[in-house]
Amino acid sequence: MGFNCRSDSSAISLMPNKGIAFWIKVSRAVALAVDIHSTLYNSDYDNYSRAIHPPISTWVIYQLDWSGFQQTGFGVAQPLNTVLSSINSIQFKTLSEILGEAADVFMDEVELY
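Rules and cut-offs
Residues numbered from 1 in each chain as written. Predicted model: local features only at pLDDT ≥ 70, side-chain atom pairs only at ≥ 80, totals over all residues. Heavy atoms only, no water. Helix = DSSP H or I, 4+ residues; strand = E, 2+ residues; numbered from the N terminus. Buried < 20%, exposed > 50% of the residue type's maximum accessible area, 1.4 Å probe, protein only. Contact = heavy atoms within 4.5 Å. Areas by Shrake-Rupley, 256 points an atom, 1.4 Å probe, with all protein chains shown as cover. Lys, Arg positive; Asp, Glu negative; His and termini not counted. Charge placed at Lys NZ, Arg CZ, Asp CG, Glu CD. Pairing = 2+ DSSP bridges. Axes fitted to C-alpha atoms, helices over the stretch in contact; angles between N-to-C directions. Patch = residues over 30% accessible without salt bridge, like charges linked within 9 Å, V, L, I, M, F, W, Y side chains within 5 Å. Salt bridge = Lys/Arg side-chain N within 4 Å of Asp/Glu carboxyl O. Core = buried A, V, L, I, M, F, W, Y, C linked by side-chain atoms within 4.5 Å.

A. Focus on the overall build of the chain. The secondary structure content of the chain amounts to one helix and eight strands. Ordering the α and β elements of the chain from the N terminus gives β-β-β-β-β-β-α-β-β. Overall, the C-alpha framework of the chain stretches about 35 × 30 × 25 Å when taken along its three principal axes. Burial statistics for the chain: of 113 residues in total, 33% are counted as buried. Expressed as a percentage of contacts within the chain between residues at least 6 apart in sequence, the contacts between residues at least 24 apart total 79%. Put simply, the chain shows about 6,600 Å² of open surface, and 51% of that area lies on carbon and sulfur atoms. Side-chain charges in the chain split into 6 positive and 11 negative, and the spacing between the mean points of these groups amounts to 4 Å.

B. Summary view of the environment of leucine 84. Residue placement: leucine 84 occurs in helix H1 (residues 80-84). What makes leucine 84 buried here is its relative accessible area of 4%. Ignoring any residue separated from it by four or fewer positions in sequence, one finds leucine 84 in contact with Ile12, Ser13, Leu14, Met15, Ile36 and Trp66.

C. Fine view of the pairing of strand S2 (residues 19-26). Of all the eight residues making up S2, six are buried; the element is thus mostly covered by neighbouring parts of the structure. Strand direction decides the pairing type here: S2 and strand S5 (residues 60-65), joined by six bridges, are antiparallel. Each residue of the ladder has a partner; that of phenylalanine 22, found in S5, is tyrosine 62. Bridging between S2 and strand S8 (residues 105-112) involves six bridges; their strand directions are antiparallel. Directly across from alanine 21, in S8, lies its bridge partner glutamate 111.

D. Spotlight on the sheet that holds S5. Taken in spatial order, the three strands line up as S5-S2-S8 in an open sheet, and their pairing is antiparallel. Strand pairing shows two members of the sheet lacking a second neighbour, S5 and S8, which therefore form its edges. Across the sheet, the mean angle separating the axes of adjacent strands is 20° when strand polarity is ignored.

E. Examining a nonpolar patch on the surface more closely. The grouping of Trp23, Trp59, Ile61 and Phe106 at the surface amounts to a nonpolar patch, some 370 Å² of accessible area in total. For tryptophan 23, the location among the structural elements is in strand S2. On the accessibility criterion, tryptophan 23 (31% relative accessible area) is partly exposed.

F. Just unusual backbone geometry, in detail. The residue serine 57 is not glycine, and still its phi comes out positive at about 60°. Residue position: serine 57 is located in the loop between strand S4 (48-52) and S5.

G. Representation of the nonpolar core within the structure. Formed by 22 residues in total, the largest nonpolar core has its most connected members in Ile20, Phe22, Ile36, Leu64, Trp66 and Phe69. At the level of secondary structure, the elements contributing two or more residues to this core comprise S2, strand S3 (32-38), S4, S5, H1 and strand S7 (87-94). It is S2 that contributes the most residues to this core, four residues altogether. In this structure, leucine 64 is in contact with Lys18, Gly19, Ile20, Phe22, Val34, Arg50, Ile52, Phe69 and Tyr113, ignoring residues within four places of it in sequence.

Here you go:
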């Protein structure tokens, strides 16, 4: 799941912000990632990302500083500050590669800080 930063999908700068915060609860053990998508460098899909492992059935708050996000490494390395200057979407995704694996994921109060 994810969202565009603007309704017309145009980019915003996340440079004034230190990171992203949100509450999350999951129904079973699942690894998730938060990806930031830049309009400048997205052709190889090696976005800056941060993995999380929420506890089961308990609401927990995450505060993820941009400095903790990294590229996977299969694409062209891009400077984080340049990427943060032109973000058009933020995506939350599972990291499982098991066909048919499912979990309920609940999120609340997503905000930039």
